[in-house]
Amino acid sequence: MNIILLGPPGAGKGTQAKKLINELDAVQIATGDIFRYNIKNETELGKKAKSYIDEGKLVPDELTIDLVWDAIDKVEDGKSILLDGFPRNITQAEALDEGMKERNSKIDYVINIRVPDELLIERISGRRVCVETGSTYHIKYNPPKVEGVDDETGYPLIQRTDDTEEKVKNRIDVYNNTTSVLIDYYDKHGILITIDGTKTPDEVFKSIVDALGK
Ligand code: ADP
Ligand code: AMP
């Protein structure tokens, strides 16, 4: 079962993806994580993507779409694919449809996690991530056992450079102006499931699993 997690920045896509990979025997493909890995390792892709990410803009499609196919084509046969943060505009969605068709595959469901804008700022400004693995915490809603330290790895937790209040506002605008049209796009394709993302992470997870009929 191949799934897209759709929703504004801070909706909880990454949080739910981590829970869903076990439930669905899936591989998570998170374009934001792939870009951050490339920036950290100073690859050519990382150098090209950095300025867009720093400004809270979308990285150009020609850089983004290829890296998604690289990741999809590495997924072992039989595993589900969980796309987190892709597609983010109509061009990417059409490229995804086309490429899945060429691979005799398809997207089965799009989980639209709905959270009002006013909650997003607080969620994102309180987000902390492990420097090494990118595991996500929240200083109030999902704090680590020891402040500033990842529970599993013991590495420090940091704030993403694009998680400041001003950049978050840009990113929410990009979502509202460019990405949210995908709700209608996938609704017309008959594969959209909308979930209330304002509940606790466990409650949101239960709603998703119930909606998928798992
Ligand atoms: P996204 O991947 O959609 O940008 P994340 O999963 O990283 O969002 O979540 C953003 C922040 O909000 C994180 O700090 C996370 O711990 C927190 N968070 C995620 N889901 C919830 C929730 N249901 N309730 C409260 N906080 C949440
Ligand atoms: P995320 O980790 O999903 O919050 O993404 C962080 C940043 O990476 C975004 O603000 C964009 O700059 C970039 N990005 C992630 N996914 C995409 C995508 N599908 N298309 C373009 N840019 C993306």
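Up top you'll find the structure we're talking about.
The present account deals with the structure reproduced in this document.

The rules behind these values
- Residues numbered from 1 in each chain as written.
- Chains lettered and ligands numbered in written order.
- Predicted model: local features only at pLDDT ≥ 70, side-chain atom pairs only at ≥ 80, totals over all residues.
- Heavy atoms only, no water.
- Buried < 20%, exposed > 50% of the residue type's maximum accessible area, 1.4 Å probe, protein only.
- Helix = DSSP H or I, 4+ residues; strand = E, 2+ residues; numbered from the N terminus.
- Arc of directions from axis to C-beta.
- Contact = heavy atoms within 4.5 Å.
- Near = heavy atom within 4 Å.
- Polar contact = N/O pair within 3.5 Å; in protein donor to acceptor, adjacent residues only side chain to side chain.
- Nonpolar A, V, L, I, M, F, W, Y, C, P; charged D, E, K, R; others polar.
- Areas by Shrake-Rupley, 256 points an atom, 1.4 Å probe, with all protein chains shown as cover.
- Phe/Tyr/Trp six-rings, centres within 6.5 Å; stacked < 30°, edge-to-face > 60°.
- Lys NZ or Arg CZ within 6 Å of the ring centre and 35° of its normal.
- Salt bridge = Lys/Arg side-chain N within 4 Å of Asp/Glu carboxyl O.
- Pairing = 2+ DSSP bridges.
- Axes fitted to C-alpha atoms, helices over the stretch in contact; angles between N-to-C directions.

Our focus in this paragraph is helix α9 (residues 201-211). Each full turn of the α-helix corresponds to 3.6 residues, which orients residues three or four apart in the same direction. Among the residues of α9, those classed as buried are V204, F205, I208 and V209. The buried residues of α9 all sit within an arc of 135° when viewed along its axis, so they share a single face. Among the exposed residues of α9, those pointing more than 90 degrees away from its buried face are D202 and K206. Residues of α9 that are buried in the fold lie against α1 (13-24), β4 (109-114) and β8 (192-196). In the segment just after α9, G213 is the residue with positive phi, at about 70°.

Another aspect to go through is the site of ligand 2. If you check the shell around ligand 2, you find 16 residues, and the closest are T31, R36, K57, G85 and Q92. A distance of 3.0 Å is found between an oxygen atom of ligand 2 and a side-chain nitrogen or oxygen belonging to R160. Among the elements that line the shell around ligand 2, the one with the most residues is helix α2 (residues 31-40), at four residues. The residue inventory of the shell around ligand 2, partitioned by class, reads five nonpolar, five polar and six charged.

Residues in contact with ligand 1 amount to 18 residues; listed here are only the nearest, K13, T15, R127, Y137 and K199. The contact in question runs from a nitrogen atom of ligand 1 to an N or O atom on the side chain of R123, over 3.4 Å. Within the contact set of ligand 1, an oxygen atom lies 2.8 Å away from a backbone nitrogen or oxygen of Y137. Contact with the protein chains removes 93% of the 560 Å² of surface that ligand 1 exposes when unbound. Going through the elements one at a time, α1 and β6 (136-138) are the ones with two or more residues in the shell around ligand 1. Looking at the shell around ligand 1 residue by residue, the classes come out as six nonpolar, eight polar and four charged.

Throughout the structure, instances matching the rule amount to one aromatic pair. Both rings, one in Y185 and one in Y186, keep their centres 4.9 Å apart while their planes meet at 85°; by these two values the pair is edge-to-face. Residues Y185 and Y186 agree in their burial class; the two are buried. Sitting over the face of the ring of F205, K19 holds its NZ or CZ atom 5.8 Å from the ring centroid. Residue placement shows R103 over the ring face of W69; its charged tip is 4.0 Å from the ring centre.

Right, let's talk about the pattern of salt bridges for a bit. Applying the stated criterion to the full structure yields 19 salt bridges. For the salt bridge of D33 with R36, the shortest nitrogen-to-oxygen distance reads 2.8 Å. Note that D33 and R36 are positioned in helix α2 at a spacing of three residues, about one turn of the helix. With relative accessibility at 34%, the residue D33 sits in the partly exposed group. Between K57 and E55 there is a salt bridge; the shortest N-O distance is 2.9 Å. Three or more residues are tied together by salt bridges with common partners; here these are R127, R160, D162, D163 and R171.

Further remarks concern the sheet that holds strand β5 (residues 127-130). Working definition: the strands of a sheet are paired by backbone hydrogen bonds and lie parallel or antiparallel to each other. What the three strands build is an open sheet, ordered β6-β5-β7; its pairing is antiparallel. Of all the strands in the sheet, the pair left with one neighbour each is β6 and β7 (157-158). Relative to β6, β5 runs antiparallel, the two being bridged by three bridges. When the sheet's bridge partners are listed, V129 is paired in β6 with T136. The strands that helix α6 (residues 117-125) touches are β5 and β6; relative to β5, the one it contacts most, it runs at about 40°.

Contact geometry for helix α7 (residues 165-179) and helix α8 (residues 181-188): axes closest at 6 Å, N-to-C directions at 40°. Contacts from Y175, T178 and T179 of α7 reach α8 at V181, L182 and I183. Classifying every residue of the contact of α7 with α8 gives four nonpolar, two polar and no charged.

Geometry only, nothing functional implied.
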